[in-house]
Amino acid sequence: MTTTETGTRDPDALVRRAGKRADTRKDQHFLIDDRVLDRIPEYATDADVDLSHVLEIGAGPGALTDRLLSVAETVTAVERDPDFAAHLREEFADEIAADRLTVVEGDALEIDVPDFTASISNLPYGASSEIAFRLLPEQRPLLLMFQQEFAERMAADPATDDYGRLSVTAGHYADVEVVETVPPAAFDPQPRVTSALVRTTPREPDYTVPSDEFFMDFLKAVFTQRRKTMRNAVRNTAHISGLGDPDAVVEAADEDLMSARAGKLTPADFATLATLAYEVGEPEA
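Residues numbered from 1 in each chain as written. Predicted model: local features only at pLDDT ≥ 70, side-chain atom pairs only at ≥ 80, totals over all residues. Heavy atoms only, no water.

1. With respect to the pattern of salt bridges
One pass over the structure, following the stated rule, counts 17 salt bridges. The partner of D188 in a salt bridge is R21, with the nearest N and O atoms 2.8 Å apart. Placement of D188 in strand β8 (residues 187–188) and of R21 in the loop between α1 (11–18) and β1 (30–31) is noted, with a sequence separation of 167 residues between them. On the basis of relative accessibility, which here comes to 21%, the residue D188 falls in the partly exposed class. Of the charged contacts, one joins R199 and E177 as a salt bridge, the two residues approaching to 3.0 Å between their closest N and O atoms. (Salt bridge = Lys/Arg side-chain N within 4 Å of Asp/Glu carboxyl O. Helix = DSSP H or I, 4+ residues; strand = E, 2+ residues; numbered from the N terminus. Buried < 20%, exposed > 50% of the residue type's maximum accessible area, 1.4 Å probe, protein only.)

So, in structure tokens, the structure goes:
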């Protein structure tokens, strides 16, 4: 156990005290750059994020955990590796005893998501998409590390090269912005790609949909044929969207929308089409 002041622990020393290096086979890449670690909480405080209970997923040896404890009232750290979970319980024994930290050993995709006011995490890349879309519907601010390509697609505007299903889906729940790109050298071991830190601010969309589940299925369907017109995309993907009568949707929809390709439509356009599809397309119950 260490008596080091919270917020000042050396990342490399934490790895040494853990007695175990990152295992890339388990998608472990630990953030060790002090400058990046120090900036991450600032992106939350600058946005006036409620830090009364921060959820961290993939805590590893605890470098980010340490920084979060310096600004948050309480932190719940989720770690699936039992060795690192044991290290966290020893390293942060004082914070645990003071009820400022809870260590949850388990897979973030399998455990019940605890109540939280914000999630700030260096996510394991292999599960980052699934974790993000488990957290976004919770309508809480998120500050998450992704591969840069994924981050840019999350934040992309309509009619840009990066715009796609991911952009519309993320934007359904929140405003999304890339606040910093992070080079491979900031991690140990170094990943093969550049990373990026994404900040999401929850908000209600400026459109309505019949149900989030149907909207997501509809998006998944039409974006599988993003190079085709929406007319063909709707007709060809009924097995994905669950529509019993896709032709009825095509016949009832605005011609301009049916003639466009998915990458050119706005989220509101998709909402209009999804609502129409729900009403006339005989979706599966």
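2. Some thoughts on the environment of D256
As for its position among the elements, D256 is in helix α13 (residues 255–259). Looking at D256, the relative accessible area reads 61%, which means it is exposed. Between the C-alpha atom of D256 and that of D217, which follows or precedes it by 39 residues, the distance is 22 Å.

3. Digging into the UniProt feature "binding site: S-adenosyl-L-methionine" (unreviewed entry) in the protein chain
Listed under "binding site: S-adenosyl-L-methionine" (unreviewed entry) in the UniProt record, and renumbered for this structure, are H29, L31, G58, E79, D107 and N122. Along the chain, the position of E79 falls in strand β3 (residues 74–79). A residue is classified by how much of its surface remains accessible, and E79, at 6% relative accessible area, is buried. For E79, the residues in contact, after removing those within four places along its chain, are G58, A59, G60, F84, A85, L88, V104, E105 and G106. Assignment of secondary structure puts N122 in strand β5 (residues 118–122). A residue is classified by how much of its surface remains accessible, and N122, at 12% relative accessible area, is buried. (UniProt positions renumbered as here; feature names shortened; annotations may be inferred. Contact = heavy atoms within 4.5 Å.)

4. So, the packing of aromatic side chains
Each aromatic ring pair is summarised here by two numbers: the centre-to-centre distance and the angle between the ring planes. Applying the stated criterion across every chain yields a total of six aromatic pairs. With a centroid separation of 5.9 Å and 55° between ring planes, the pair formed by Y207 and F215 is classed as tilted. Three or more aromatic residues link up through ring pairs in this structure, and these residues are F214, F218 and Y278. (Phe/Tyr/Trp six-rings, centres within 6.5 Å; stacked < 30°, edge-to-face > 60°.)

5. Notes on helix α14 (residues 267–280)
In this model α14 runs 20 Å from its N-terminal to its C-terminal C-alpha over 14 residues, within 8% of the 20 Å that 1.5 Å per residue would give. Of the positions making up α14, those classed as buried are F270, A271, L273, A274, L276 and A277. At its buried positions, α14 is contacted by α8 (165–173), α9 (212–223), α10 (230–236), α12 (246–252) and α13. (Expected span 1.5 Å × (residues − 1).)

6. Brief notes about α8
Counting buried positions along α8 gives eight out of nine residues, so the element sits mostly inside the fold. Residues L166, S167, V168, T169, A170, G171, H172 and Y173 constitute the buried set of α8. Looking at the buried positions of α8, the neighbouring elements they touch are α6 (128–135), α7 (148–154), β7 (174–182), β9 (195–202), α9 and α14.

7. Quick look at the environment of A127
For A127, the location among the structural elements is in the loop between β5 and α6. Distance in space between the C-alpha atoms of A127 and L109 is 8.3 Å, their sequence separation being 18 residues. Residues contacting A127, with those up to four places away along its chain left out, are D27 and L109.

8. Digging into the packing of α9 against α14
As a packed pair, α9 and α14 sit with axes 10 Å apart at the nearest point and diverge in direction by 105°. Between α9 and α14, the angle is such that the two are roughly perpendicular. Between α9, through F214, F215, F218, L219, V222 and F223, and α14, the contact on the second element is made entirely by P267, F270, A271, L273, A274, A277 and Y278. By residue class, the composition of the contact of α9 with α14 is 13 nonpolar, no polar and no charged. (Axes fitted to C-alpha atoms, helices over the stretch in contact; angles between N-to-C directions. Parallel < 35°, antiparallel > 145°, perpendicular 65-115°, else oblique. Nonpolar A, V, L, I, M, F, W, Y, C, P; charged D, E, K, R; others polar.)

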